[in-house]
Amino acid sequence: MGQSKRDFVSIDDLGNEEILALFGYADEFNEDIKAWSDLCPGTILATLFFEPSTRTRLSFESAMLRLGGGVISAADTKVMSAVKGESLADTARVVGGRYADIIVLRHQDEGSARVLANYADVPVINAGDGAHEHPTQTLCDLYTLWREKGELSGLEVVLAGDLKYSRTIHSFAYALARFGASIVCVPFPGMEIPDHVVERLQRDWNADVDRADVGDLAGITASKDAVYITPHKPHQQSLFTRISPQSVKKFDAIYMTRSQKERHEGANLDDLAYPRIGPEELRQASLKDTRVMHPLPRVDEISYAMDQDPRAIYFRQAALGVPIRMALVAFLLGRLKGWKLASPAPSGRPIYRSRSGVACRNAHCVTRREGRKYLVPEFWILSDVPALLRCVYCGVERRPELVGHTQSRKLHRSNAPEAARILPQRRVYFEGPAQAAAAGFGEDGSD
Amino acid sequence: MGQSKRDFVSIDDLGNEEILALFGYADEFNEDIKAWSDLCPGTILATLFFEPSTRTRLSFESAMLRLGGGVISAADTKVMSAVKGESLADTARVVGGRYADIIVLRHQDEGSARVLANYADVPVINAGDGAHEHPTQTLCDLYTLWREKGELSGLEVVLAGDLKYSRTIHSFAYALARFGASIVCVPFPGMEIPDHVVERLQRDWNADVDRADVGDLAGITASKDAVYITPHKPHQQSLFTRISPQSVKKFDAIYMTRSQKERHEGANLDDLAYPRIGPEELRQASLKDTRVMHPLPRVDEISYAMDQDPRAIYFRQAALGVPIRMALVAFLLGRLKGWKLASPAPSGRPIYRSRSGVACRNAHCVTRREGRKYLVPEFWILSDVPALLRCVYCGVERRPELVGHTQSRKLHRSNAPEAARILPQRRVYFEGPAQAAAAGFGEDGSD
Amino acid sequence: MGQSKRDFVSIDDLGNEEILALFGYADEFNEDIKAWSDLCPGTILATLFFEPSTRTRLSFESAMLRLGGGVISAADTKVMSAVKGESLADTARVVGGRYADIIVLRHQDEGSARVLANYADVPVINAGDGAHEHPTQTLCDLYTLWREKGELSGLEVVLAGDLKYSRTIHSFAYALARFGASIVCVPFPGMEIPDHVVERLQRDWNADVDRADVGDLAGITASKDAVYITPHKPHQQSLFTRISPQSVKKFDAIYMTRSQKERHEGANLDDLAYPRIGPEELRQASLKDTRVMHPLPRVDEISYAMDQDPRAIYFRQAALGVPIRMALVAFLLGRLKGWKLASPAPSGRPIYRSRSGVACRNAHCVTRREGRKYLVPEFWILSDVPALLRCVYCGVERRPELVGHTQSRKLHRSNAPEAARILPQRRVYFEGPAQAAAAGFGEDGSD
């Protein structure tokens with residue numbers, strides 16, 4: 001692995017200062033997008049798309065071509081892998097050998113991009129790994145908002161629509177919190193933001209969260225479809241960070257998402273009632289300067305009439321995907337003039353490698369799918385007692401029931417004070433007694 | 001939309017002078033095809049192919065690479081659109097935003113390329129929109145013939161084979177008429193040239209049309225398969241423009257097409273009898289210098305023995321697709337040295353926007369398919385009384401039965417003298433009384 | 001066809017001296033892989049893949065981009081050909097017309113690349129034609145071994161695993177024999193090297209072949225799966241060239257292959273018993289410096305533990321595919337500095353064109369598949385009496401039963417002395433009496 005190699009698997013892989021620097025370079029690129037073909041000649045970007053996502057792929061390929069580099073592309077990799085079954089680890093070493101100087105991966109397994117990054121000698125960019133992350137979308141969303149408003153800190157941003165299954169929304173929420181923006185959640189009923197996302201907002205970025213009345217958002221909910229925000233509905237939820245709802249006089253942006261129908265397995269949701277935003281729905285004073293964002297493609301949730309409205313910035317958002325990806329690619333290749341690529345900042349969190357203990361509980365995690373042949377599950381230890389682990393690959397957290405000592409082979413409940421006294425490198429976490437017994441722990445009657 | 005932006009959606013989007021200028025540039029490019037990579041550096045061409053057409057796609061991509069530009073390609077866009085259902089209008093704005101500087105579209109809906117052109121900020125080239133047009137094929141056919149013969153005006157060109165369903169043949173016929181060439185139609189029985197094509201040849205280009213004996217073409221019909229040209233068969237048809245059949249001493253070209261089997265729904269045609277051209281069939285004096293053209297791929301309608309014959313120019317025709325597309329792309333990007341890109345010439349025809357009246361009668365028209373969500377049907381008014389409308393998108397014509405007045409809401413038969421007295425901007429055309437009544441017209445007993 | 005045009009359809013299309021020269025250039029390219037974009041600007045490589053093989057395709061595309069050229073790609077050509085049925089001959093002339101300056105073909109029909117090469121005006125590279133050849137894989141294998149060992153002559157190379165169906169193994173064996181290396185075959189039971197391969201090794205490269213005890217290879221067979229090499233199993237087979245097994249003190253390389261499951265039609269092979277190589281299996285002294293090679297992708301036949309072992313060179317092998325393909329492409333385009341492209345060396349063997357006689361006996365040969373419409377079967381006459389023919393396209397050999405005289409129309413057994421007295425240009429070979437009679441031979445009672 002190269003000494004100063006950097007990857008972009010998660011939005012957390014870039015520091016705030018780095019992100020803001022990329023915005024500056026992107027602005028420069030965007031001024032005359034055809035003028036940068038001298039920046040990366042002789043370099044090759046590979047797009048490996050195990051799932052179709054034409055728009056994302058084209059955006060990356062356009063970015064690399066505009067930097068003067070070349071592109072190789074495998075967008076039908078299902079065919080390849082289905083037939084001959086190569087592992088991600090081997091793909092990383094082959095494609096990252098001499099084929100390409102930077103790799104962009106789209107893959108259905110959560111954590112797959114981290115695997116590719118760990119095994120490839122060249123930088124890896126995550127273009128979507130299942131329901132986990134799609135960090136360049138987040139980067140682009142942040143950049144667009146930053147360009148429009150000149151800053152991110154202190155902004156008031158509404159997240160609307162399907163807040164339950166939209167990976168884009170979750171990542172955007174984390175990033176906004178990280179840059180000190182406030183978030184108001186206005187979910188479509190049944191698509192509320194999940195508790196684990198709220199918990200992470202609180203834990204990782206110290207966001208204050210209040211359940212609050214969002215009556216002053218009536219302007220965006222004037223249509224009959226928008227009954228979901230009336231305050232007395234018990235399933236409603238709103239999330240404010242560091243401000244009280246009463247103080248919100250105007251909203252800087254509304255981020256609208258389509259219904260992730262394909263993920264609402266079995267749920268009988270009334271799609272006809274899904275909210276639809278247009279100039280009519282945005283006439284309230286607090287929404288006068290509100291930018292309307294959408295990751296595209298839209299279905300019906302933003303009307304065509306909105307397209308002519310100066311507040312609509314979703315097409316600009318798509319267009320800015322090219323210069324910001326140019327900045328990212330040039331950054332990872334170490335070709336940004338005036339910028340020295342630093343080594344990645346350490347996360348600082350202890351890591352637990354689970355050779356015989358708990359596995360990730362996420363069935364879509366790469367450690368339980370194709371990576372199971374060669375990967376050891378790894379977790380960040382977020383909390384000692386009670387134990388809380390976060391999968392290094394897919395980010396899903398779990399609370400193991402038991403902790404064992406590798407030498408005494410004694411077992412303790414993971415929330416017992418004795419558990420904290422085991423040195424981290426001596427711990428083995430187990431999901432329960434059966435797993436512990438199978439591994440030969442707990443024989444001497446402990447716990 | 002850019003001030004001087006030009007598209008190439010229809011062969012009519014270029015003037016005769018422009019077409020002849022492109023031929024000159026293509027000749028220059030063709031002399032040393034590898035010498036032009038300085039013409040379009042830093043620019044990107046996107047190929048969006050919703051239907052497979054590998055040959056056409058590769059021809060465009062080769063042209064752009066030879067001009068020094070880059071290519072991004074989505075040839076499996078069925079996948080994309082099927083899953084997430086983005087509209088052509090949105091695709092136009094996203095891909096034409098920062099991704100690409102020129103877009104090539106292949107799409108099954110007739111009129112789809114016009115939609116893309118209307119919504120994209122960058123030039124759009126139509127690489128085939130259903131059965132409507134495939135204008136770069138026509139441009140290439142014209143160019144090849146022009147190179148071989150030094151001119152187009154006055155040429156005698158035979159169109160043979162499937163004249164009913166071949167889009168290529170129809171477009172070529174229009175273009176030949178426009179440049180003053182004569183056409184002789186020798187259809188395979190059951191695949192005669194449609195009346196609407198003949199009418200358009202007469203109306204748009206003042207072509208003289210005679211039904212005539214084509215006995216003197218016996219040379220190309222000597223095989224037993226060619227019974228179709230005997231003059232006494234009532235379904236036979238031949239079309240001469242501005243000359244009498246007796247005066248034809250030699251033919252400049254035969255344009256042969258394969259049977260468009262996939263479009264002859266239900267018809268029980270005898271494919272075994274489909275004509276087959278080879279040196280044997282072309283021994284007559286009038287065919288001594290006749291160039292044999294074919295859009296490729298061929299099936300069996302031209303024998304392999306023909307390939308060695310100096311009259312065969314179908315492979316040359318395919319090869320010339322690259323330099324002529326280079327000329328077109330450089331032209332639309334404004335990069336042809338010594339040539340200033342002019343604004344498109346106005347068609348001069350009044351346009352009728354049909355908010356509440358007739359829709360296009362073509363079920364494959366984009367206004368009745370994915371465009372129905374956001375497009376208002378538009379028609380050129382070709383004739384006032386009786387009313388004749390041509391769909392701006394797919395080119396299909398219709399004669400609406402009734403005309404209403406937007407203010408008096410009175411109705412008239414579209415061939416009545418009163419109809420002509422309504423100002424064009426006051427007219428609403430209807431397919432019949434039911435549609436008119438539904439729109440609230442005709443209540444006061446008019447007509 | 002260009003005067004000095006060269007193709008790379010078979011490893012035999014390059015002389016030994018040329019191959020060694022390519023190795024030198026590849027070394028130079030590999031030193032700074034990003035520094036060669038001035039070598040082939042303005043040129044275009046087309047990848048036509050009728051079968052998926054993403055890794056091979058990306059390797060070629062990367063090579064061309066690193067040389068500064070452009071790439072056009074059709075990897076879904078099944079679609080194209082299935083719909084409109086263009087022949088390889090026509091594809092060659094269209095794509096080799098103006099579209100591309102060099103073509104890389106992957107196709108399921110054996111001999112297809114030779115057809116493309118015969119009809120295209122530009123160089124053609126075979127990237128795999130059915131079970132026939134995949135010569136750039138062989139070139140890359142040779143190159144990797146040569147780099148590791150400094151030479152090829154005199155090396156001791158073990159071929160292990162599926163020696164029956166692996167095209168890669170057969171081609172590598174021929175190439176090793178040609179360069180004077182020794183081969184030891186250690187097949188998985190039921191996957192022994194076929195007799196025709198052994199015969200060809202003897203006939204074409206004068207290799208000495210002994211069936212011998214391979215007991216001293218026990219080191220690589222120490223696992224319980226490796227029972228297959230015990231000498232008393234009757235189906236075991238080992239092949240030594242020019243050395244006695246007793247003299248082998250150390251092995252230079254083991255080339256391992258995966259089981260070509262998809263080709264073992266009906267065979268009930270125990271995949272669980274398929275050998276698996278790891279550091280544990282390679283502890284014997286004779287294997288201390290043995291390089292472990294694999295064409296990738298692997299399934300389970302090489303353990304992940306092996307990846308850290310310095311003897312493992314399979315990832316290096318994949319990486320070197322790029323510089324060696326750069327050398328090959330630049331060579332065929334005539335752009336290798338200091339190297340003049342010579343005309344292809346004549347094979348020296350007489351050719352028999354079989355208009356009315358034997359056809360190729362290989363049902364997968366292109367002459368019996370899509371080429372049957374326009375190709376005349378051709379054979380090299382390897383031996384006169386008894387007659388032995390090798391198909392020029394797919395390389396499969398056959399022994400025709402009868403030989404006729406084109407003028408006397410007399411027939412002879414192909415092993416009769418009279419057969420040798422017929423001038424080669426007067427001979428017609430027949431598979432048997434029925435075919436001969438159908439062609440009008442043998443009426444006068446001969447034979």
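Residues numbered from 1 in each chain as written. Chains lettered and ligands numbered in written order. Predicted model: local features only at pLDDT ≥ 70, side-chain atom pairs only at ≥ 80, totals over all residues. Heavy atoms only, no water.

Some thoughts on the sheet that holds strand β8 (residues 291–293) of chain B
Residue and element names in this part refer to chain B. One open sheet accounts for 4 strands, arranged β6-β5-β7-β8; its pairing is parallel. The open sheet has two free edges, formed respectively by β6 (182–187) and β8, since each of these has just one partner strand. Strand-to-strand twist in this sheet, taken as the mean axis angle between neighbours without regard to direction, amounts to 20°. For strand β5 (residues 156–161) and β6, the ladder comprises 6 bridges, and the chain directions are parallel. Paired with A160 across the strands is V186, a residue of β6. Helix-sheet contacts for helix α6 (residues 135–149) involve β5, β7 (253–256) and β8, and the interaxial angle to β8 is about 170°. Where helix α7 (residues 167–178) meets the sheet, its contacts fall on β5, β6, β7 and β8, and the angle it forms with β5 comes to roughly 165°. (Pairing = 2+ DSSP bridges. Helix = DSSP H or I, 4+ residues; strand = E, 2+ residues; numbered from the N terminus. Axes fitted to C-alpha atoms, helices over the stretch in contact; angles between N-to-C directions. Contact = heavy atoms within 4.5 Å.)

Some thoughts on the state of the cysteines
The final tally for this structure, using the stated rule, is 0 disulfides over all chains. With no disulfide of its own, A:C40 lies closest to A:C140 among cysteine sulfurs, the gap being 19 Å. (Disulfide = S-S within 2.5 Å.)

Considerations on the interface of chain B and chain A
Listed per partner, the contact involves 28 residues of chain B and 27 residues of chain A. Across the chain B/chain A interface, buried area totals approximately 2500 Å², and carbon plus sulfur atoms make up 58% of it. There are 5 salt bridges connecting chain B and chain A. Between B:R93 and A:D307 there is a salt bridge, and its shortest N-O distance comes to 2.7 Å. Broken down by class, the residue content of the side of chain B that touches chain A amounts to 12 nonpolar, 7 polar and 9 charged. (Buried area = accessible area lost by both parts, 1.4 Å probe. Salt bridge = Lys/Arg side-chain N within 4 Å of Asp/Glu carboxyl O. Nonpolar A, V, L, I, M, F, W, Y, C, P; charged D, E, K, R; others polar.)

Remarks on the relation of the copies chain B and chain A
The two copies are related by a screw operation: chain B maps onto chain A through 120° of rotation and 0.0 Å of translation along the axis, at an RMSD of 0.1 Å. Expressed as an axis order, the relation between the two copies is that of a three-fold axis. Residue B:G70 of chain B places its C-alpha closer to the rotation axis than any other residue of that unit, at 5.0 Å. (Least-squares fit on C-alpha atoms with pLDDT ≥ 70 in both.)

Observations concerning the pairing of strand β17 (residues 427–430) of chain C
Residue and element names in this part refer to chain C. The side-chain alternation of β17 yields two buried faces, one formed by R427 and Y429 and the other by V428 and F430. Relative to β17, strand β15 (residues 402–405) runs antiparallel, the two being bridged by 4 bridges. Residue pairing in the sheet places V403 in a bridge with Y429 of β17. (Buried < 20%, exposed > 50% of the residue type's maximum accessible area, 1.4 Å probe, protein only.)

Quick look at helix α10 (residues 321–332) of chain C
Spacing of three or four residues puts side chains on the same side of an α-helix, whose turn is 3.6 residues. Residues and elements named next belong to chain C. If you check α10, its first and last C-alpha atoms are 16 Å apart, about what 12 residues at 1.5 Å a residue would give, namely 16 Å. Of all the 12 residues making up α10, 12 are buried; the element is thus mostly covered by neighbouring parts of the structure. For α10, the set of buried residues is G321, V322, P323, I324, R325, M326, A327, L328, V329, A330, F331 and L332. Just downstream of α10, G334 is the residue with a positive phi angle, here 70°. (Expected span 1.5 Å × (residues − 1).)

Side note on the side chain of A:S354
Residue and element names in this part refer to chain A. Mapped onto the elements, S354 comes out in the loop between β9 (351–353) and β10 (378–383). Owing to a relative accessible area of 2%, S354 belongs among the buried residues under this scheme. A polar atom in the side chain of S354 sits 2.6 Å from the backbone oxygen of V358. Those residues within four positions of S354 in sequence are excluded, and the remaining contacts are V376, P377 and F379. (Polar contact = N/O pair within 3.5 Å; in protein donor to acceptor, adjacent residues only side chain to side chain.)

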